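The residues making up each chain are set out below.
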Amino acid sequence: LKWYQKAAEQGDEDAQFYLGVMYENGQGVIQNYVEAVKWYRKAAEQGYTEAQYNLGVMYYNGQGVAQKYAEALKWWRKAAEQGDEDAQFYLGVMYYHGQGVAQNYAEALKWWRKAAEQGYAEAQFNLGFMYETGLGVAQNYVEAVRWYRKAVEQGYASAQYNLGVMYYNGKGVAQDYAEAIKWWQKAAKQGHENAQKSLKIYGNK
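Residues numbered from 1 in each chain as written. Predicted model: local features only at pLDDT ≥ 70, side-chain atom pairs only at ≥ 80, totals over all residues. Heavy atoms only, no water.

Student: So what's going on with the overall build of the protein? Residues and values would help.
Tutor: Of regular secondary structure, the protein possesses 12 helices and 0 strands. N-terminal to C-terminal, the α/β element order of the protein is α-α-α-α-α-α-α-α-α-α-α-α. Its C-alpha atoms put the protein at 65 × 35 × 25 Å along the principal axes. Out of the 205 residues in the protein, the part that is buried amounts to 44%. Sequence-distant contacts, at least 24 apart, represent 42% of the contacts inside the protein between residues at least 6 apart. Of the roughly 10,100 Å² of accessible surface on the protein, 45% is carried by carbon and sulfur atoms. (Helix = DSSP H or I, 4+ residues; strand = E, 2+ residues; numbered from the N terminus. Buried < 20%, exposed > 50% of the residue type's maximum accessible area, 1.4 Å probe, protein only. Contact = heavy atoms within 4.5 Å. Areas by Shrake-Rupley, 256 points an atom, 1.4 Å probe, with all protein chains shown as cover.)

Student: Got a sec to walk through the environment of His192? Specific residues and values, please.
Tutor: Along the chain, the position of His192 falls in the loop between α11 (177–189) and α12 (193–202). Since its relative accessible area comes to 15%, His192 is described here as buried.

Student: I'd like a rundown of the packing of aromatic side chains, residues and numbers included.
Tutor: Note on aromatic pairs: each is described by the distance of the centres and the angle between the planes. Taken as a whole and judged by the stated rule, the model has 21 aromatic pairs. Ring plane angle 50 degrees and centroid distance 4.9 Å describe the contact between Tyr168 and Tyr177, whose orientation is recorded as tilted. You can call Tyr177 partly exposed: its relative accessible area is 29%. Among the aromatic residues, those joined into a cluster by ring pairs are Tyr53, Tyr60, Tyr69, Trp76, Phe89, Tyr90, Tyr96, Tyr105, Trp112 and Tyr120. Seen from the ring of Trp3, Lys6 lies directly overhead, with NZ or CZ sitting 5.8 Å from the centre. (Phe/Tyr/Trp six-rings, centres within 6.5 Å; stacked < 30°, edge-to-face > 60°. Lys NZ or Arg CZ within 6 Å of the ring centre and 35° of its normal.)

Student: So what's going on with the environment of Glu193? Which residues, and what values?
Tutor: If you trace the backbone, Glu193 turns up in helix α12. Its relative accessible area of 53% is what places Glu193 among the exposed residues. On a C-alpha basis, the gap between Glu193 and Lys78 in space is 37 Å, while along the polypeptide they are 115 residues apart.

And the structure:
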């Protein structure tokens, strides 16, 4: 902490960021969100991606600063434009729910796609959901299955469940009850409630 402080006060962005992390987590110092925000901001203003993302989180949660979705959006956008997959994902969430910005499914889809292409499982799942439901994009079951499958490969339970539903209903894939059951079983083992319910109701098909 002592040496980070010295470097941070000289404008070192890495030190500013890590000093923010230490204040946020109470490492070597009493936890202080206000100080965390202060140091994250200094690094963020120098274009430090992780600090921009963390500053967005602080504004989103109202930690060390008044909760402001518009500010969270601003800092997440800066980090997202530099390729930060977490920021891309949460920027998509904000557009999806209309937090700090007008609700825009197409923009949500755009940012989730960027995160999904970097291998972000939850973004891959969300992209599958958007294609399945036709939100912000033309409905396309084949694309939905493709993105669910990518999330499934990372063990994402909700994607396992939804992929099972697609097999059960024959949407985007040939109808296959055995495949549906297989994916529901995988999701159920992870505690997915809908998968557990589906197995009880349809497990004997």
